[in-house]
Amino acid sequence: MNKKTIRIHGEQTEKGWTCPVCGSSDIIGHGKQHNIDHHRRFKCEDCGKTFNEKIGTIFYHKKMPRDTIITIIYLFLTGYPASNMPPLVQVTEKSIRNLLREVVGRFEKYEEFISDPDDYAPKVIEIDEIYIKIQGSREFYGWLAYDPENKYLIDFVVGKRDDETLEELFKKLEGYKGKVGLVLIDAYIGYVKFVEKYLADGEEKPLTGVINKSEYSETEGFVTYALFSGKRESIEAKISSLGLGKKITTALIECLNSQIRDLCNYIRRRSKRIPRLLSWGEKAVSCFKFMHNYLKAHLTLSGKSSKNWITVPVTPCMKAGICDHQISLIEILNFRFIAPTPK
Ligand SMILES: [Zn+2]
């Protein structure tokens, strides 16, 4: 993994702190913050800037105590509606939403920071519809791109169930053009042109299996065919070679889709009362994606005891080679992002 080398100011290095404004290492102690957590303060001898030890983290310049911040984020990650939080944490809904907005931004920035496009390309992309219910019975759809080999949620889009929304997802997958060995889609007609446009490398089109999940027969399994003059057998062979099963049967579909389905049910369940606005539904999915990929050990990837408890945690990101360890929520909240560079 190539961790990008960036210059981080306001960081505590082995040599001590550096100034977030001018980068100077001429830093002296400056007492303690008069906030509830009493953060240590520092002053730059060169430019006079003062800052505290939480600079660059989610806890910097927050009036809320650290425990409240963690509680709000944890509740949101586990599906608790932001609108129900104020009496519980004694913070206004506005402050809660401001914090959560910042957290979603932080997750996205962290992903950008940690993942190198050269490190990862999915061998298989499965694309499935997601369905999000918004307050007031407005329904929104979206699509998920999923890597069944690594159980990694590649990306998602939320919007209308139309080609425009679907194309947004394919645009996000364009970086994998020519690298994907197999694409699995359902019978929605819009996929074909986008697979060609965004994933095919010239004349080289990825093997693409269409699995019609609404038609199933005892003898044939799901109605399946290959696009771009491929053969059904070649798709089954590819699936088998990737260790994802042997045939396009119920078992395989279960294997490929149980994760997505669980995830969608989860999103549906947890988003039912959260989003008054679509943007909050999107934030909920975004947080879920981050939690699923980075924070939560995956049961089928991890080492387990005889009681099926996870003993060696492995997250989808670890399996995909994007991240070398299971990330904790505290780690990401404490992560110091680049402070302003000196002028
Ligand atoms: Zn300075």
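Above this text you will find the structure in question.
Since the model is a prediction, treat every value here as computed from it, not as a measurement. (Residues numbered from 1 in each chain as written. Predicted model: local features only at pLDDT ≥ 70, side-chain atom pairs only at ≥ 80, totals over all residues. Heavy atoms only, no water.)

Draft legend 1. Main features of the packing of aromatic side chains. Applying the stated criterion to the full structure yields 14 aromatic pairs. Between the aromatic rings of Phe 113 and Phe 335, the centroid separation amounts to 5.0 Å while the plane-to-plane angle is 55 degrees, which identifies the pairing as tilted. Highlighted residues: Phe 113 in helix 3 (residues 93-114) and Phe 335 in the segment after helix 10 (329-334), separated in sequence by 222 residues. The residues Phe 113 and Phe 335 share a single accessibility class, namely buried. It is Lys 172 that lies over the ring of Phe 156; its NZ or CZ is 5.6 Å from the centre. Looking at Lys 193, its charged tip hangs above the ring of Phe 194, at a distance of 5.0 Å from the centre. (Phe/Tyr/Trp six-rings, centres within 6.5 Å; stacked < 30°, edge-to-face > 60°. Helix = DSSP H or I, 4+ residues; strand = E, 2+ residues; numbered from the N terminus. Buried < 20%, exposed > 50% of the residue type's maximum accessible area, 1.4 Å probe, protein only. Lys NZ or Arg CZ within 6 Å of the ring centre and 35° of its normal.)

Draft legend 2. How the structure looks around the environment of Glu 203. One can find Glu 203 in the loop between helix 5 (191-199) and strand 10 (207-217). The sequence separation of Glu 203 and Gly 178 amounts to 25 residues, and the corresponding C-alpha distance is 9.9 Å.

Draft legend 3. Just the coordination of the zinc ion, in detail. At 2.2 to 2.3 Å from the zinc ion lie its protein donor atoms, namely Cys 19 (SG), Cys 22 (SG), Cys 44 (SG) and Cys 47 (SG). For the zinc ion, the four donor atoms in the first shell make angles of 103 to 120 degrees at the metal, so the coordination geometry reads as tetrahedral. In the primary structure, the donors to the zinc ion are separated according to the pattern C-x2-C-x21-C-x2-C. In this pair, Cys 22 sits in the loop between strand 2 (16-17) and strand 3 (27-32) while Cys 47 sits in the loop between strand 4 (40-44) and strand 5 (50-52), placing the two residues 25 residues apart along the sequence. Looking at Cys 22, the relative accessible area reads 28%, which means it is partly exposed. Of the residues examined, Cys 47 reaches a relative accessible area of 39% and is grouped as partly exposed. (Donors = N, O, S within 2.8 Å, 3.2 Å for Na, K, Ca; no water. Tetrahedral: all angles 85-135°; square planar, octahedral: opposite > 155°, others 65-115°.)

Draft legend 4. Highlighting the sheet that holds strand 4. Read across the sheet, three strands follow the order 3-4-5 without closing on themselves; strand pairing throughout is antiparallel. Here the strands that pair on one side only, and so sit at the sheet edges, are strand 3 and strand 5. Shown here is a sheet whose adjacent strand axes are inclined to one another by a mean of 35 degrees, direction ignored. Judged from the three bridges that link them, strand 4 and strand 5 form a sheet pairing that is antiparallel. Opposite Arg 41, over in strand 5, you have Asn 52 as the bridge partner. (Pairing = 2+ DSSP bridges. Axes fitted to C-alpha atoms, helices over the stretch in contact; angles between N-to-C directions.)

Draft legend 5. Quick look at the packing of helix 4 (residues 163-173) against helix 5. Their axes nearest at 10 Å, the elements helix 4 and helix 5 cross at an angle of 25 degrees. On the basis of the axis angle, helix 4 is roughly parallel to helix 5. Note that helix 4 runs across helix 5; the crossing there is right-handed. Residue-level contacts link Asp 163, Leu 166, Glu 167, Phe 170, Lys 171 and Leu 173 of helix 4 to Tyr 191, Lys 193, Phe 194, Val 195, Lys 197, Tyr 198 and Leu 199 of helix 5. Among the residues forming the contact of helix 4 with helix 5, the class breakdown is eight nonpolar, no polar and five charged. (Parallel < 35°, antiparallel > 145°, perpendicular 65-115°, else oblique. Left-handed = near helix turned anticlockwise from the far one by under 90°. Contact = heavy atoms within 4.5 Å. Nonpolar A, V, L, I, M, F, W, Y, C, P; charged D, E, K, R; others polar.)

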